[in-house]
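These are the residues of each chain, in order.
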Amino acid sequence: MATPPQQLPPVIDMSIIGGASGTAEKKAMLELLGSACREWGLFQVVNHGISPALLDEVKRVSRAFFDLPMEEKLKYANNPVTYEGYGNRTGTVKGSTLDWNDYFYHFIRPASATNGQKNWPHQPEAYRTVISEYGEKVMGLSKALLSIFSEDLGLEKKETLLESLGGDENLGAGYRMNFYPKCPQPELALGLSPHTDPGAMTVLLQDQVSGLQLYKDGVWISVPPLQDALTVLIADHLEILSNGIYESVNHRTIVNSEKERMSIVIFIYPEGNKMIGPLEEVVKKRDCSPLYTEMTFNEYRKIIKTVGLKGKAIVTSRFIMNS
Ligand SMILES: O=C(O)CCC(=O)C(=O)O
Ligand SMILES: [Fe+2]
């Protein structure tokens, strides 16, 4: 018996969503986006308004960092308190599987966290201008998505989600570039172990080598790289704010022996000290009880540190779920 073709996560065309209101085409696209958040926790976005030339530059300046000699890269060794800097998960022993991943992480927002971009790579020269410009564009896209999500969740004001995350001024963002070298025995390793992302959502730029997988209905499904598309992942704090109507996506990456792979990730975070829990409006409207405990994002990050990368373990843990 032939196996049925594997279903793929939805592709959202932002130019249709930004087009004339009231058209059947726009309505269908908004419905597809809502169902992507509920059923997949992940979708790809095309015609998002960020030029292919800028995406190429982002990949180029990010890749250039990993090509620096090791002694240069080690000058940026990861700070265990802020998590900023260059790090390496390759060889991190945790049970039987190794993570095969080099990364660089730094904040891009808010200004108070970036400290004048002190912890950003100094090379290549164009890094700061390119990543600042890209960061702003991704924030624009993310804010547009947050207002669409607010409407999809039936909230009265389309600003509600953004405000609940701390508002435009205080919304945070982290930039992570992942580099996965070729792996001689890929069956013994993963790029990144299964996990959900912290924050509201993640905007991911993949290169043309596949490796990202999401977990759905008991199977791992590959998210194919699409030229010039961005991949959006629903993260834990949208699951919490929506009281589980949206689900953060459990995902991992795999590696291969033929090609190295790179991905560029922007995590959209709530303001660190703001209490985040299920939105009262959602709970009331659906006449249900809040499923998640209220806590600040800073507290949440401490839990991540103790639990590590373990699928949906954090958002469904005794720390977070009301029982
Ligand atoms: O490399 C990828 O495609 C995903 C990376 C990821 O999940 C992460 O950095 O949190
Ligand atoms: Fe992730």
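Whatever comes next refers back to the structure up there.
Residues numbered from 1 in each chain as written. Chains lettered and ligands numbered in written order. Predicted model: local features only at pLDDT ≥ 70, side-chain atom pairs only at ≥ 80, totals over all residues.

**Examining the site of ligand 1**
Thinking step 1. Contacts to ligand 1 come from Arg-176, Asn-178, Leu-192, Asp-197, Leu-204, Gln-206, Gly-211, Leu-212, His-251, Thr-253, Ser-263 and Val-265.
Thinking step 2. The set of elements that each furnish at least two residues to the shell around ligand 1 consists of strand S7 (172–180), strand S10 (201–206), strand S14 (251–253) and strand S15 (261–269).
Thinking step 3. Among the residues forming the shell around ligand 1, the class breakdown is 4 nonpolar, 6 polar and 2 charged. (Near = placed C-beta within 6 Å. Helix = DSSP H or I, 4+ residues; strand = E, 2+ residues; numbered from the N terminus. Nonpolar A, V, L, I, M, F, W, Y, C, P; charged D, E, K, R; others polar.)

**Thoughts on the packing of helix H2 (residues 24–40) against helix H6 (residues 127–152)**
Thinking step 1. Interaxial distance between H2 and H6 falls to 10 Å at its minimum, and their mutual angle equals 85°. The angle between the axes of H2 and H6 places the two elements in the roughly perpendicular class. Contact residues: Leu-30, Leu-33, Gly-34 and Cys-37 in H2; Ile-148, Phe-149 and Asp-152 in H6.
Thinking step 2. Residues that form the contact of H2 with H6 fall into these classes: 5 nonpolar, 1 polar and 1 charged. (Axes fitted to C-alpha atoms, helices over the stretch in contact; angles between N-to-C directions. Parallel < 35°, antiparallel > 145°, perpendicular 65-115°, else oblique. Contact = placed C-beta atoms within 7 Å.)

**Considering H2**
Thinking step 1. With 17 residues, H2 extends 23 Å from end C-alpha to end C-alpha; this agrees with the ideal 24 Å at 1.5 Å per step.
Thinking step 2. At its buried positions, H2 is contacted by strand S1 (11–13), helix H1 (14–17), strand S2 (42–46), H6, strand S11 (212–216) and strand S13 (230–234). (Expected span 1.5 Å × (residues − 1).)

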